[in-house]
There are 2 protein chains.
Amino acid sequence: MLHTNFTPGPSQLYFTVADHVRYAFKEGIPSISHRSKQFELISKEATEGLKQLLGIGGDHYILFASSATEIWERLIQNVVAEKSFHFVNGSFSKKFLEIARQLNRQSEAVEVKEGEAFSESQKISEDTELIAVTHNETSTGVSLPLDFIHAFREKYPEKLIAVDAVSSLPYPAFDYTKIDSVYFSVQKAFGLPAGLGVWIINKKCVDKAEAILDAGKSIGSYHTIPSLVSMAKKHQTPETPNVLGIYLLAKVVADFNRRGIDIIRKETEYKAAILYQSLTKHQLLQPFVKDKYLQSKTVIVADCGAYTEKLSRFLSEKGMTPGDGYGSFKKSQLRFANFPAHSKEQYELLADSLDAFHG
Amino acid sequence: MLHTNFTPGPSQLYFTVADHVRYAFKEGIPSISHRSKQFELISKEATEGLKQLLGIGGDHYILFASSATEIWERLIQNVVAEKSFHFVNGSFSKKFLEIARQLNRQSEAVEVKEGEAFSESQKISEDTELIAVTHNETSTGVSLPLDFIHAFREKYPEKLIAVDAVSSLPYPAFDYTKIDSVYFSVQKAFGLPAGLGVWIINKKCVDKAEAILDAGKSIGSYHTIPSLVSMAKKHQTPETPNVLGIYLLAKVVADFNRRGIDIIRKETEYKAAILYQSLTKHQLLQPFVKDKYLQSKTVIVADCGAYTEKLSRFLSEKGMTPGDGYGSFKKSQLRFANFPAHSKEQYELLADSLDAFHG
């Protein structure tokens, strides 16, 4: 029995991926040159398809890195000379802060307990260059409201705003005029094999990187923003990239566009609603995130307490693999990814199974 | 007609890759967690298989990066505080030097014309920390003799020695006790889809990275040597890696081990010999590298002058795609990869076709 994989990433593959891979091998795609016209067309298909899917205007660049972890590093190297400010509410937002400090930046942060909200009136130092916020904390299932993120632009018009959407895009309908950089990795909600990070930036990020470089500070080498952007204008990359990964992204994004982003968003909301309902009314389980306003639609975390292992086994016997709780919650929580690869039918079966679980 | 791809990279896929991919999808490999036991076993199979194939002793670490270009950057960040020395004889050795300078190191270099040898008595500054040498210049088809590389250890026992073997491994039989770091990318002689770099280092590199870090200098963040090594000890990686790429590497390395490294090396030499013979006796063509001692066995470059385009078309009509000449040689040379994916029969057909080409 091939299980439905509800772990938040690498997660369930989108159902078209195996066919796209078969076709890619038939056509010799994994062996084409990354300097060929054929590659440029694939790369263009991926980036233009993403702009259509996400509703991104023409003044943003879409760049390829090898992971979202790499993008954390490149962001700090390229747009932060001295200081970034990080909203930390879980393991992944914290890792980004740690990377900034490993790169010897004087970064600051506000940290709240897992599952809780940030204050709307959080003070950010005058000399902060970048505000880093995690739209969806994969470790806890807290999703920050879009209003909270979009409000930074008016409050801090001079600062750069970077949004980690690793485990939420394509679901959130960001206003890209209020964000300078957003990024994700393909093995989560795009249902693709791991090995590719997608980094969206605007002109303000390019200008900042060039200013830091002009001041004589290194911003890295092959994966600097100026280097990535100058190659992206030709639909190429500085190094030999994960060509097959970019091809598969182009194809799955085209599939998503055919299905329509509105339908994907509505289905995501429907699936989230039935799972939260099952958890809320359950005798033994409950949603970890109590505040409805913060409950993630794409990574749903269940407090299972003493029943964690038993529930995990119960679901596994029915062909469903839940994700373990993260870090200190490993023994007391289960996490459920709700991505386009997870069908309504699979989610209905999951919710019904939870209803039928009596410990 | 699916062509035999003789470009030096991305190159022809090894003939078992498509089957390994099919099996991987059947088993759900692209969706497994990079923190699972299953991934650790795959990663271990890849690194232990490589140690067996290449004859690497137990005191080296095998690390995964996303490309050889990334490894250039990580090498400089991690083991060069101030100064590296680069042997430059083509575009790729030059790119490594450029990366060192972009990282604000005071790097030095000796540069010789394409196709020519370095002096055995080259002076290297006392304060050089790393000697960087390219075993096989993919742009020109010059391969440095192993004796030249192995001699550094005795002359410079204190310095680190890094060897770019991007387009030669697994062919060269390096003495790994005389090299501190060697690296390659999988889309060349391993016949795999692009998107993975393999970085072999010894304890001396780890010690140097830790010393630089202890001195308060940043050595990067998630892909530092200490971070990569501490995860590699558990057969894991700091970030979500190209899991499918590592799986395919493990499988192809096992295929290579079953075939045997001696047979792979002998076949490489046989194929190189018949192609160089065709070029040498040809009326219109000749090997670009004249000095037999420097002629690469794995990337064979032909001077085709005015016949370049015509020969490329002639071969293409027979189902063979040669690589273009690199950079300024684009219109006057063709390059032929000689990797394990290229069979003796394909090479015999190539050599016969050259013999039959009369302009």
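Quick caveat: nothing in here was measured; it's all calculated off a predicted structure.

### A look at the overall build of chain A
Scanning chain A from N- to C-terminus turns up 11 helices and 15 strands. A compact globule built from 359 residues should have a C-alpha radius of gyration of about 21 Å, and chain A, at 20 Å, falls within 12% of that. Projected onto its principal axes, the C-alpha coordinates of chain A cover approximately 65 × 55 × 30 Å. Within chain A, the fraction of its 359 residues that count as buried is 55%. Sequence separation of at least 24 residues holds for 71% of the intrachain contacts in chain A that already meet a minimum separation of 6.

### Quick look at the pairing of strand 10 (residues 197-202) of chain A
Residues and elements named next belong to chain A. Counting buried residues along strand 10, 6 of its 6 residues qualify, which places the element largely inside the surrounding structure. Side chains of strand 10 alternate between two faces, with Gly197, Trp199 and Ile201 and Val198, Ile200 and Asn202 buried alike. Relative to strand 10, strand 2 (residues 60-65) is paired through 6 bridges, and the arrangement is antiparallel. Within the sheet, the bridge partner assigned to Leu63 lies in strand 10 and is Trp199.

### A look at the relation of the copies chain B and chain A
At an RMSD of 0.0 Å, chain B and chain A line up after a rotation of 180 degrees and a shift of 0.0 Å along the axis. The symmetry that links the two subunits is that of a two-fold axis. Considering only C-alpha atoms, the residue of chain B closest to the rotation axis is B:Ser66, which sits at 3.2 Å. The share of interface residues of chain B whose copies in chain A are also at the interface is 98%, consistent with both copies meeting through the same surface.

### Quick word on the domain arrangement of chain A
Residues and elements named next belong to chain A. Under the domain assignment used here, chain A contains domain 1 (17-258) and domain 2 (260-355). Domain 1 and domain 2 are separated by 26 Å when their C-alpha centres are compared. Counting from both sides, the interface comprises 20 residues of domain 1 and, opposite them, 22 residues of domain 2. Of the residues assigned to the side of domain 1 that touches domain 2, the class counts are 8 nonpolar, 11 polar and 1 charged.

### Quick look at the sheet that holds strand 15 (residues 333-337) of chain B
Here we have 4 strands laid out as an open sheet, ordered 11-12-15-14 (chain B), and antiparallel in their pairing. The open sheet has two edge strands with one neighbour each: strand 11 (286-287) and strand 14 (323-324) of chain B.

### Here we look at the interface of chain B and chain A
How big an interface is tends to be stated in terms of the accessible area lost upon association of its parts. Taken together, the contact pairs 41 residues of chain B with 42 residues of chain A. Secondary-structure elements contributing two or more residues to the side of chain B that touches chain A are helix 1 (17-26), helix 3 (68-79), helix 4 (91-102) and helix 9 (243-259) of chain B. Taken together, the residues of the side of chain B that touches chain A sort by class into 17 nonpolar, 22 polar and 2 charged.

### Description of the pairing of strand 4 (residues 108-111) of chain B
A regular strand places its side chains on the two faces of the sheet in alternate fashion. All names here are of chain B. Here strand 3 (residues 84-88) pairs with strand 4 via 4 bridges, running parallel. Residue Phe87 lies in a different strand from strand 4, and its bridge partner there is Val110. Between the parallel pair strand 3 and strand 4, the chain is carried across by helix 4, and the sense of this crossover is right-handed.

### Observations concerning the environment of B:Thr308
Residues and elements named next belong to chain B. Looking at the element boundaries, Thr308 is found in helix 11 (residues 308-317). Thr308 sits in the buried class, given 21 other C-beta atoms within 10 Å. Separated by 17 residues in the primary sequence, Thr308 and Gly325 place their C-alpha atoms 9.1 Å from one another. In this structure, Thr308 is in contact with Lys331, Ser332, Gln333 and Leu334, ignoring residues within four places of it in sequence.

### Observations regarding the sheet that holds strand 9 (residues 181-185) of chain A
All names here are of chain A. Read across the open sheet, the 7 strands follow the order 2-10-9-8-5-3-4; overall the sheet is mixed. The sheet is open, and its two borders are formed by strand 2 and strand 4 (108-111), each paired with just one other strand. For this sheet, the mean inter-axis angle between neighbouring strands, taken without regard to orientation, is 15 degrees.

### Focus on the packing of helix 10 (residues 261-281) of chain B against helix 12 (residues 344-355) of chain B
Residue and element names in this part refer to chain B. As a packed pair, helix 10 and helix 12 sit with axes 9 Å apart at the nearest point and diverge in direction by 5 degrees. As summarised for this structure, helix 10 and helix 12 are arranged roughly parallel, according to the angle between their axes. Across the interface between the two elements, Glu267, Tyr270, Lys271, Ile274, Leu275, Ser278 and Leu279 from helix 10 touch Lys344, Tyr347, Glu348, Leu350, Ala351, Leu354 and Asp355 from helix 12. Here the residues of the contact of helix 10 with helix 12 sort into 8 nonpolar, 1 polar and 5 charged.

### Quick word on the environment of B:Lys310
Mapped onto the fold, B:Lys310 is located in helix 11. In sequence terms B:Lys310 and B:Phe357 are 47 residues apart; their C-alpha atoms lie 9.5 Å from each other.

### Focus on the confidence of the model for chain A
On average, residues of chain A carry a pLDDT of 96, and 99% of them reach 70 or more. Of the two predicted TM-score estimates for the complex, the pTM is 0.97 and the ipTM is 0.96.

### A short note on the packing of helix 2 (residues 37-54) of chain B against helix 9 of chain B
Residues and elements named next belong to chain B. Axis separation between helix 2 and helix 9 bottoms out at 8 Å; the angle between their running directions is 40 degrees. Viewed along their axes, helix 2 and helix 9 adopt a mutual orientation that is oblique. Crossing geometry of helix 2 relative to helix 9 is assigned as left-handed. Mapping the contact onto sequence places Phe39, Ile42, Ser43, Glu45, Ala46, Gly49, Leu50, Gln52 and Leu53 in helix 2 and Val243, Ile246, Tyr247, Leu249, Ala250, Val253, Ala254, Phe256 and Asn257 in helix 9. In terms of residue class, the contact of helix 2 with helix 9 is built from 13 nonpolar, 4 polar and 1 charged.

### Thoughts on helix 2 (residues 37-54) of chain A
All names here are of chain A. In a regular helix each residue adds 1.5 Å, so 18 residues correspond to 26 Å; helix 2 covers 26 Å between its end C-alpha atoms and thus fits that length. In this structure, the buried residues of helix 2 make contact with strand 2, helix 8 (243-259) and helix 9 (261-281). Just past helix 2, the residue Gly55 takes up positive phi, approximately 70 degrees.

### Side note on the environment of A:Ser353
Residues and elements named next belong to chain A. Among the structural elements, Ser353 can be located in helix 11 (residues 344-355). The exposure class of Ser353 is partly exposed, given the 17 C-beta atoms found within 10 Å. Along the primary structure Ser353 and Leu311 are separated by 42 residues, whereas in three dimensions their C-alpha atoms are 9.7 Å apart. For Ser353, the contacting residues outside a window of four places in its chain are Leu315, Lys318 and Met320.

About the criteria used
Residues numbered from 1 in each chain as written. Chains lettered and ligands numbered in written order. Predicted model: local features only at pLDDT ≥ 70, side-chain atom pairs only at ≥ 80, totals over all residues. Helix = DSSP H or I, 4+ residues; strand = E, 2+ residues; numbered from the N terminus. Rg over C-alpha atoms; globule rule 2.2 N^0.38 Å. Buried ≥ 20, exposed ≤ 12 C-beta atoms within 10 Å, placed from the backbone. Contact = placed C-beta atoms within 7 Å. Pairing = 2+ DSSP bridges. Least-squares fit on C-alpha atoms with pLDDT ≥ 70 in both. Domains from an automatic or database assignment. Nonpolar A, V, L, I, M, F, W, Y, C, P; charged D, E, K, R; others polar. Right-handed = clockwise from strand over helix to strand, strands pointing away. Axes fitted to C-alpha atoms, helices over the stretch in contact; angles between N-to-C directions. Parallel < 35°, antiparallel > 145°, perpendicular 65-115°, else oblique. pLDDT = per-residue confidence, 0-100. Left-handed = near helix turned anticlockwise from the far one by under 90°. Expected span 1.5 Å × (residues − 1).

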